[in-house]
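# Fold and geometry: a report
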Amino acid sequence: MSTNRLVEVRDVRTWFEVSRGLLGKPLYVRAVDGVSLDIGRGESAAVVGESGSGKTTLGKTILRLYKPKSGEIYYNGRRIDNLEEEELKWYRREAQIIYQDPFGSLNPFFTVERILSEPLTIHNIAKDYREIKQVINQALIDVKLEPPEMFASKHPHMLSGGQRQRVAIARALVLKPKLIVADEPVSMLDASVRVEIMSLLETLQKKYETSILYITHDLATIKYFSQTLYIMYAGKIIESGATKDVLKEPLHPYTQALVSAIPDPNPENRLKYRDVPAGEPPSPMAPPSGCRFHPRCPHFIAGKCDVLEPQLTKSKNNYVACHLYS
Amino acid sequence: MINMGSAPIGIKSVIHEIMHSKSGLTGVVILAFILLTSLAALVSPANIVEKWNDPQAWLDNPRLAAPEWTALFTGGNPAKTIILKPQDFKKDVQQLQPSGTKIELRARIVYDYDTPPSEMNLMLKIAGEARSLVTLKWVRPDGSSIELLREVTEPGSRTIFTYIDREITANIQAYLRKIGVADNLPTGVTLFSSEKSLIEGTPKLIKSHDVKPSKPYELIVEATSESKGFNVEAQLNLLGVVYGLCGTDNLRRDVFIGIVWGAPIALAFGLVAAFVVTLIQAIFGAISGYYGSKVDEIIQRITDVYLVLPFLSLLITIQFTYKTTIWALLIAVIALSLFGGVTKSVRSMALQIREEPYIEAAKSYGASRRRILFLYILPRLLPYTFANITVSVPAYVFLEASLSILGLGDPALPTWGKLISEAFSGGAAYYGYWWWIIIPSMFIVLVSTAFALIWYSLDKVLNPRLREE
Amino acid sequence: MNTILALKDLTLYYRTRRGAVKAVDGVSFDLKEGRCLSIVGESGCGKSSMAYAIMRILPRNVHTYRGEVIFEGKNLLSLQESELSKEVWLKKMAMVFQGAMNSLNPVLSVGEQVSEVFTLHAGMSKTEAQKKAAELLELVRLPATLIDKYPHELSGGMKQRVVIAIALSLKPKLLILDEPTSALDVITQANIINLLKKLQEEFNLTYIFITHDLGLASELSDYIAVMYAGKIVESGDARSVLTDPKHPYTQKLLAATPKLLEEAKLEFIPGSPPDLAYPPTGCRFHPRCPFVMDACRLNEPKPTKLSEDRYVSCLLWERV
């Protein structure tokens, strides 16, 4: 396996069993249903999709918070999809997560100092209390919570949403990970604060040479902060490529729908209707046959799109899974 | 609003909530009061159990006396206990011719109560080598007198129970016949009524101050003996009809002391049982909820079995068979309550907490399951556990009391339940010795109320919807 | 075009443990019939409270509530509560609350919930109400098969359509929508906005649309009022506010909004919105304003009329 890619994901499926009692056959929620992607060292990439697309599950599967049902995941050339929990402790130092909910992701009973020192304590990193304090202070300065002594003694409920998210970022960075998965890191923050936090993440990512995988539905914001885009629909990646290319010339009808659905603050908007497909994303328990987008697709080809599942093929600058381009 | 979350519920805010609500504060005050009584018990002499079970230790108390404050309701001035110690007797020693010694002991009793004493007992201590002749003479304020006793007695200590002594009773009957009255009057009435009223047929108690100037009652003890080293000492107990704060029981024990000595036991049993049981159940519940799958199944099924167990019946059987002490009973109670309702409710709380992002976050930075359980989940469950402890203390206090009332408690310790049990078997309900039953019951209720009030004040803490916002 | 709603100095303070929270502090504007006004602001600026103040749906801990809400000539603050519930709510004005789609009764089917409005407030019989309910669902482009389904069987977008249907059931003239698409996906959001546009055309509805997203506001609004810390800092027609913002907060908010189709640089506003219990003295934006002057700390700016229906509350414009 080539090792210039930090993370390699090969045809991973993460299914959750929804039991049907003693007699029924087991049903599965096919959250991630055959996804492959790569993340380079120091790269920033984003998985974009709507709710139910499986993007969060994908991010957590890469972090091994879920175990994939099938497929392979390589981290630094090392296979991690088949390891058991006890064998993964080393990986927990390398890969970290930032959650969407700034309040729920911090232990309300801990002070900021305790929140930040937990990972250090668990991995036996610092030698004594003084060293821990140093690391914590540096982390707080990094996320611009200054003076660090003042913030270290606070509890999460004493901080604003933006401040809490900074603590979450600090916690993710304190172990100097090589990979961070950020799950909608700013969607619960005020508009004026979002850009600040995203810029902060970008600065720190560059400083520590960390790869970052954003999970988001907000195409407009992520455009400024990620180099690569993966568009996800119903458990599969349906288009991917450099952010600029995907947004300038979206190929897949779904990507096109996403791009046309997002309103910029333009007063002309009120004069027209948006051209978007009707309907909702399919249930992950029973995805449509063939191309999963076919029930909503304006370019639906009967006999083809509902029978054959399209594979990701290169077209122009992007990879796209659509029969229009194969 | 800016601050999306309110402060998490920690022990500090629980205590704050208790102290700042009316019910909580009342509960704490009552509890403090009972704790103080327990402390009083703990600093008193150590041989509580022996003293409680030794009737000799209580001879200076009246039997089955009501509490003194009942006088406020019944009116009047019922007899209280008067004890005349040896030094209160006026002693006169006379040498006789040709040999022998005559010792006269005179006790003066100023008596102004409305009722005669419930008992009048004389403890005589005669030192010497030979027999002596002892006479007892009783003088009333109106001047009349009765010779109660004239007999020869060996040296030693003896107690003369005036009201039931055969000799004295015979002498009193003779006296009554002499003055021309029926001889079936009770001794107490005879001794303390004026002779005139006795003759008239309507006995009326004569008080010292009924006579002007006031005159005391007198008991004159005369002892004559030839022996060498002859000495006589006496103590006279005029035992009242009322006694102390809580009255006495049939073994003359001060019920108040029973209450005081029972307090630490009740509290200790209740608190220890509640604390240990709730904590163990909570830990099992947390493990069950957090670890899930097989561990969860096993713990829940065991809990179901425990919930079906006939708790009280088993305890009664154990106690009946083994008659254990209270501490063995405590262990039995705990063993029979290792799993229970708290296990189930804490499990569902743990299930919810498990879904919170910060728990998964802990997993992502490498925290082991054990670490998450004890450092992340359990602290969150503490306030609920604390409230549960509070509400179950009364249950255990009641349990111990119930077993004791049934006669299945600790055979030696003076617990509140024991008091009630002895009251019933001593006929308190039938004869109306209400203080013996009601006062211990009241204290049991008081302890329960204190904890219930505290638990009530915690309702706001536990039920987030009742809080502001 | 007549003015259907006029607010004069509308004020709403809440009583809390920390003191009086000045959620809405002297707001005035006029709204013409058939138009849509968007109230744009960040969380905690009081925009939801504004909606409650207009509808007079008040919680128990009200500290101050005064001003005028003149709807079709009548001041709502002077009416009895019974008049409000009988004649105004749902019949003249209706509101789609934030997160309403999650407050649908889980034990009643969609059909039952929608017809409930008719049986309770319009005195119709059950059969009549059911017929009306079916018509209503068609209006919001929901298939009739949904009548027997329960809320948990519906997707987010469908639930929101049901909520809009219920709000419009008694044909109100004014509809207040508080972040109606915040929990929805982008494509579903676009569909709901399309629906709202259609309904406005069909029935000449007047909207008050509350959101934190300037882009979303631009989809529907004829007018935009920018709210900060309980006060309206700028208002006017949408084109003017979006292309030529006058208030520094509006300018910064616009610069902080990511634009998918433009190449503009993103900025952010340092600091965070103030606590409404202790708002800053003078101009409430002054701690974060890049153009702050000494006077801004002392004097609260009054709305300056720049042109017809165009106001800004900023000392920079007051001098002119």
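What counts, and where the lines are drawn
- Along each chain, residue indices are assigned from 1 in the same order as the chain's sequence is written.
- Whichever chain is written first is A, and whichever ligand is written first is 1; the rest continue in order.
- Thresholds applied to this predicted model are a pLDDT of at least 70 for local features of residues and 80 or more for the giving and counting of side-chain atom pairs; totals over whole chains, interfaces and linings are not thresholded and use all residues.
- One bridge is not enough; two strands pair if DSSP finds at least two bridges between them.
- Segments assigned H or I by DSSP are reported as helices when at least four residues long, segments assigned E as strands when at least two residues long, and all are numbered from the N terminus.
- In this description, a residue-residue contact is defined by the distance between C-beta atoms placed from the backbone, which must lie within 7 Å.
- Throughout this entry, Asp, Glu, Lys and Arg are counted as charged residues, while Ala, Val, Leu, Ile, Met, Phe, Trp, Tyr, Cys and Pro are counted as nonpolar. The remaining residues, Gly among them, count as polar.
- Axes here mean lines fitted to C-alpha atoms, for a helix over just the part in contact, with angles spanning 0 to 180 degrees between N-to-C directions.
- The split of the chain into domains comes from an automatic or database domain assignment.
- Oblique is the label for any angle not covered by the other classes, which are roughly parallel (under 35 degrees), roughly antiparallel (over 145) and roughly perpendicular (65 to 115).
- Note on convention: near helix rotated counterclockwise from far helix by under a right angle means a left-handed crossing. Clockwise means right-handed.
- Residues with at least 20 neighbouring C-beta atoms inside 10 Å of their own are called buried, those with 12 or fewer are called exposed, and the rest are partly exposed, where every C-beta is derived from the backbone.
- Here a nonpolar core is just a set of buried residues of the types Ala, Val, Leu, Ile, Met, Phe, Trp, Tyr and Cys, joined wherever their C-beta atoms sit within 7 Å.

Moving on, we get to the sheet that holds strand β5 (residues 78–79) of chain A. Residue and element names in this part refer to chain A. Pairing is antiparallel across the open sheet formed by 4 strands, whose spatial order is β2-β1-β4-β5. Looking at the sheet topology across the chains shown, the edges are occupied by β2 (27–40) and β5. Note that strand β1 (residues 5–18) and strand β4 (residues 70–75) share 5 bridges and pair antiparallel. Its bridge partner lying in β4, R10 is registered against E72.

Residue-level contacts link 36 residues of chain A with 40 residues of chain C. Put simply, the parts of the chain that give the side of chain A that touches chain C at least two residues each are α7 (191–208), α8 (219–222) and α10 (253–261) of chain A. Considered class by class, the residues forming the side of chain A that touches chain C number 19 nonpolar, 9 polar and 8 charged.

The strands that make up a sheet pair up through hydrogen bonds in the backbone, lying either parallel or antiparallel. Residue and element names in this part refer to chain C. Spatial strand order, β6-β7-β8-β3-β9-β10-β12-β11: 8 strands in an open sheet with mixed pairing. On the outer flanks of this sheet lie β6 (93–96) and β11 (304–307), each paired with one strand and no other. Strand-to-strand twist across the sheet, computed as the mean angle between neighbouring axes with direction ignored, equals 20°. Here 2 bridges tie strand β10 (residues 231–237) to strand β12 (residues 310–312), and the two strands are oriented antiparallel to one another.

The subject of this paragraph is the domain arrangement of chain A. Residues and elements named next belong to chain A. Annotation of chain A at the domain level lists domain 1 (5–226) and domain 2 (248–326). Measuring from the centre of the C-alpha atoms in domain 1 to the corresponding centre in domain 2 gives 29 Å. Taken together, the contact pairs 12 residues of domain 1 with 7 residues of domain 2. Those elements that place two or more of their residues in the side of domain 1 that touches domain 2 are β2 and α8. No other element matches β2, which puts 6 residues into the side of domain 1 that touches domain 2. Residue composition of the side of domain 1 that touches domain 2, by class: 6 nonpolar, 3 polar and 3 charged.

This part is about the packing of helix α6 (residues 161–173) of chain A against α7 of chain A. Residues and elements named next belong to chain A. Relative to each other, α6 and α7 sit at 15°, their axes nearing to 11 Å. It follows that α6 is roughly parallel to α7 by the angle criterion. α6 and α7 meet at a crossing whose hand is right-handed. In this structure, α6 contributes G162, Q165, I169 and L173 to the contact, and α7 contributes V193, I197, L200, L201, L204 and Y208. Of the residues assigned to the contact of α6 with α7, the class counts are 8 nonpolar, 2 polar and no charged.

Here we come to helix α1 (residues 47–55) of chain C. Residues and elements named next belong to chain C. With respect to burial, α1 is a largely interior element, 8 of its 9 residues being buried. Every buried residue of α1 is accounted for by K47, S49, M50, A51, Y52, A53, I54 and M55. After α1 finishes, the residue R56 shows a positive phi value of roughly 60°.

Time to look at the pairing of strand β3 (residues 101–109) of chain B. All names here are of chain B. Direction of pairing for strand β2 (residues 90–95) relative to β3: antiparallel, over a ladder of 6 bridges. Paired with Q95 across the bridge in β3 is T101. Counted between consecutive antiparallel strands, the loop separating β2 from β3 contains 5 residues, among which G100 sits at a positive phi close to 110°.

Before going further, it helps to examine the environment of M95 of chain C. Residue and element names in this part refer to chain C. Its place among the elements puts M95 in strand β6. According to the C-beta neighbour criterion, M95 is buried, with 22 such atoms within 10 Å. Apart from the residues within four sequence positions on either side, M95 is in contact with A51, M55, A167 and I176.

Once that is clear, we can look at the nonpolar core. Ranked by size, the top nonpolar core spans 208 residues in total, and within it Y230 of chain A, A286 of chain B together with I176 and V226 of chain C carry the most contacts. When residues in this core are grouped by element, the largest group, 8 residues, is from helix α5 (residues 156–168) of chain C. By size, the runner-up hydrophobic cluster in this structure holds 55 residues, among which are A66, V277, L453 and I454 of chain B.

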